[in-house]
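# What the coordinates show
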Amino acid sequence: MAVLKSEIRNEGMRIGGEIVFTDDVIPVHYPFTNEVVGSVPAGTAEHAKRAFEIAANYTPKLSRYERSQILRRTGELIGERRDYLARWLTLELGICHQHAIYETKRAQDVYLFAAQQALVDDGEIFSCDLTHNGKPRKIFTKREPVRAISAITPFNHPLNMVSHKIAPSIATNNCMVLKPTELTPLTAIALADILYEAGLPYEMLQIVTGWPKDIGEEMMVNENIDIVTFTGGVPVGKLIAAKAGYKRLALELGGNDPFIVCNDLSDEDLEKAATIAVAGAIGNSGQRCTAIKRILVQESVADRFVPMVLAKAKAVKFGDPQDPETELGCVIHAEAAELFEKRVFMAEKEGAKILYHPGRQGALLPPIVIDHVRHDSELVMEETFGPIVPIVRVPDDDTEVMRISNSTNFGLSSGVCTNDLNRAIAYINGLDVGTCNIWEQPGYRIEMSPFGGIKDSGNAVKEGVIEAMKFFTNVKTYSLPWP
Ligand code: NAD
């Protein structure tokens, strides 16, 4: 039994300080056993409308100090409730306990940085006596919150991704209505309660839940929304772009990030690269937008590199997500696992060689290692959102590697291993991506640094606490006589 009956969470929406239930509910499943571990209301457009009206009619009055204190306290509470939150991350998402703990720590960082940034006023001052047209005046800028922000979040980081929307919104005195995914909505609700406990006014964060067909459109078109911040897949992102009209949009979409291993590496360096490659492919069960989805290794070192990757993948303990020793748990559901496995078999038919695949059990996929994958195989051209370790052998010519790397529709992040600074710089300049990490996983970041993709991976609006705070505010310019 994965979850005790007494633990099952049948949650309500959080609208204007009330807990709102509906007759129809959406069940939440534990991917490892498929048992139902809780539910949320199947809310409708009416619920979203009410929440946006409450948000737009409320004017937050929190000082910078008060916002900072709420954010700081939230980070502390996440730390104090780490085990509870990690347990629910595992139960609703199926990732292993170790990955769940990591996510709680990332979320804490988000609140730590937002608490700091809430204290910073980035207003600018321009003297006006600078030219022959000068006047004895000064121009100043200040930031103001918007009426209401709509946030729509994906299933794969139920705590951290949601925090990347909420914390900058609070730091800028905004009111947000958040619709978490129907697949993993319970952590977002637990987080909202932590925020209220830390002192956040109910109007500044409301949570609505529902099936996309019932509530999705209202989250994009409601007249009180000034900003839609969306993280999720490309099709929904493009739908929002088509429907939301004049509203300001942040679209953080999918990826199929390359990890490039260059031919100047010693055996010791190749070992290091193999460690990064496997960790980057299986973190969060491969369900990170920035997970390593393609290992591009240059031909002349491939025969030395591939056995190292294989050994590291074989050493990964996959299985029961709740076992603290487990290093790789499940993907979101068995259908997803089945699709990814199907793509592996399709790549094999195209000539690739499966080196390690000890078998799938429902939503539990091992770290499947497959070599000689064609660079245009569906397995690596599409976003295969699971712990697959696909190796694509590429020519020793860096220009050609960049061409192959840039040949997909995505452009989120990338990782490159070389010890040659000139080559590193060439990759930083040549890859069509939002981020390029030398000697690191594509997913590496701190929660405050700018993050976001180009091409189909997003509209180049960055997240990260500082960028999101800028995005969530309007700059007002004002000027005064300055004799
Ligand atoms: P998804 O697009 O299926 O769903 C995302 C959200 O959109 C969910 O809340 C869902 O309920 C909602 N939604 C679905 N249909 C809708 C509709 N018609 N109208 C309004 N809302 C609708 O994505 P997912 O499968 O939950 O998440 C995985 C995807 O998210 C992957 O592609 C991953 O790469 C991406 N992602 C991107 C980033 C990033 O920062 N770029 C981060 C995490 C995840």
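The model shown is predicted, which means the values in this text are computed figures rather than measured ones.

## Some thoughts on the overall build of the chain
Summing up its helical and strand segments, the chain has 15 helices and 20 strands in all. Its C-alpha atoms give the chain a radius of gyration of 23 Å, within 12% of the compact-globule value 23 Å for 483 residues. By the burial criterion, 58% of the 483 residues in the chain qualify as buried. The contacts in the chain between residues at least 6 apart in sequence include a share of 73% that link residues at least 24 apart. The chain carries 50 positive and 63 negative side-chain charges, and their two centres are separated by 4 Å.

## Re the pattern of salt bridges
Under the criterion given, the structure shown has 34 salt bridges. Its salt-bridge partner being K142, residue E144 comes within 2.8 Å of it at the nearest N-O pair. Residue classification places E144 among the partly exposed positions, given a relative accessible area of 22%. Among the ionic pairs, R374 bridges to D376, the shortest N-O distance being 3.0 Å. What makes D376 partly exposed here is its relative accessible area of 40%. Linked through salt bridges whose partners overlap, the residues forming this network are R9, E11, R14 and D193.

## Topic: the sheet that holds strand β13 (residues 257-261)
Taken together, the seven strands give an open sheet; going across it, the order is β15-β16-β17-β14-β13-β18-β19, and neighbouring strands pair in mixed fashion. With partners counted over all chains shown, the strands left at the sheet margins are β15 (353-356) and β19 (437-438), one partner each. Across three bridges, the pairing between β13 and strand β18 (residues 415-417) is parallel. In the sheet register, F259 faces β18, and the bridge partner there is G415.

## Let's talk about the packing of helix α4 (residues 97-117) against helix α5 (residues 160-171)
The interhelical angle for the contact between α4 and α5, taken along N-to-C directions, is 10 degrees, at an axis separation of 9 Å. With respect to α5, the element α4 is oriented roughly parallel. For the pair α4 and α5, contact is made by E103, R106, A107, V110, Y111 and A114 and by N160, M161, S163, H164, I166, A167 and A171, respectively. For the contact of α4 with α5, the residue count by class is eight nonpolar, three polar and two charged.

## What to know about the site of the ligand
Residues in contact with the ligand amount to 28 residues; listed here are only the nearest, T153, E182, G233, L253 and E383. With respect to the ligand, the backbone of F155 contributes an N or O atom lying 3.1 Å from an oxygen atom. When the ligand is considered free in solution it has 850 Å² of accessible area, and contact with the protein chains removes 87% of it. Elements represented by at least two residues in the shell around the ligand include exactly α7 (212-221), β11 (227-231) and α8 (234-243). The leading source of residues in the shell around the ligand is α7, at three residues.

## Examining the environment of P31
Within the element layout of this structure, P31 appears in the loop between β4 (25-29) and β5 (36-41). Between the alpha carbons of P31 and I95 there is a distance of 8.8 Å; along the sequence they are 64 residues apart. Ignoring any residue separated from it by four or fewer positions in sequence, one finds P31 in contact with L91, E92, L93, G94, C330, V331, I332 and A363.

## Examining the sheet that holds β4
Taken in spatial order, the three strands of this open sheet run β1-β5-β4, and their pairing is mixed. The sheet is open, and its two borders are formed by β1 (9-10) and β4, each paired with just one other strand. Bridge analysis of β4 against β5 gives five bridges, and the strand direction is antiparallel. Bridging across to β5, V25 finds its partner in P41. Of the strands in this sheet, β1, β4 and β5 are in contact with helix α3 (residues 82-93), which crosses β4 at around 100 degrees.

## A short note on the packing of aromatic side chains
Evaluated as defined, the whole model comprises six aromatic pairs. For the pair F140 and W482, a centre-to-centre distance of 5.8 Å together with 55 degrees between the ring planes defines the contact as tilted. Placement of the pair is F140 in strand β7 (residues 137-145) and W482 in the segment after β20 (473-481), with a sequence separation of 342 residues. On the basis of relative accessible area, W482 is assigned to the partly exposed category, the value being 43%. Here the aromatic rings of F471 and F472 are separated by 6.3 Å at their centres, their planes lie at 55 degrees, and the arrangement is tilted. In terms of burial, F471 and F472 fall into one category: buried. Put simply, the rings of F140, Y478 and W482 pair up and form one aromatic cluster. Just above the ring of W88 sits the side chain of R9; from NZ or CZ to the centre is 4.8 Å. Over the face of the ring belonging to W439 we find K272, whose NZ or CZ atom lies 4.7 Å from the ring centre.

## Some points on the state of the cysteines
Within the structure shown, the criterion is met by zero disulfides. Just so you know, C436 is unpaired, no disulfide at all, and the nearest cysteine sulfur is the one on C262, 9.9 Å from it. By relative accessible area, which is 19% here, C436 ends up buried.

## Digging into the environment of E66
With respect to the secondary-structure elements, E66 resides in helix α2 (residues 64-80). Residue E66 is classed as partly exposed on the basis of its relative accessible area of 36%. C-alpha of E66 to C-alpha of S300: the two residues are 234 residues apart in sequence and 58 Å apart in space.

## Section: α5
For α5, built from 12 residues, the straight-helix expectation of 16 Å at 1.5 Å per residue is met to within 8% by its first-to-last C-alpha distance of 16 Å. Within α5, 12 of the 12 residues are buried, which leaves the element mostly enclosed by the surrounding structure. Taken together, the buried positions of α5 are occupied by N160, M161, V162, S163, H164, K165, I166, A167, P168, S169, I170 and A171. Looking one or two places after α5, you find N173, whose phi comes out positive at around 60 degrees.

About the cut-offs
Residues numbered from 1 in each chain as written. Predicted model: local features only at pLDDT ≥ 70, side-chain atom pairs only at ≥ 80, totals over all residues. Heavy atoms only, no water. Helix = DSSP H or I, 4+ residues; strand = E, 2+ residues; numbered from the N terminus. Rg over C-alpha atoms; globule rule 2.2 N^0.38 Å. Buried < 20%, exposed > 50% of the residue type's maximum accessible area, 1.4 Å probe, protein only. Contact = heavy atoms within 4.5 Å. Lys, Arg positive; Asp, Glu negative; His and termini not counted. Charge placed at Lys NZ, Arg CZ, Asp CG, Glu CD. Salt bridge = Lys/Arg side-chain N within 4 Å of Asp/Glu carboxyl O. Pairing = 2+ DSSP bridges. Axes fitted to C-alpha atoms, helices over the stretch in contact; angles between N-to-C directions. Parallel < 35°, antiparallel > 145°, perpendicular 65-115°, else oblique. Nonpolar A, V, L, I, M, F, W, Y, C, P; charged D, E, K, R; others polar. Near = heavy atom within 4 Å. Polar contact = N/O pair within 3.5 Å; in protein donor to acceptor, adjacent residues only side chain to side chain. Areas by Shrake-Rupley, 256 points an atom, 1.4 Å probe, with all protein chains shown as cover. Phe/Tyr/Trp six-rings, centres within 6.5 Å; stacked < 30°, edge-to-face > 60°. Lys NZ or Arg CZ within 6 Å of the ring centre and 35° of its normal. Disulfide = S-S within 2.5 Å. Expected span 1.5 Å × (residues − 1).

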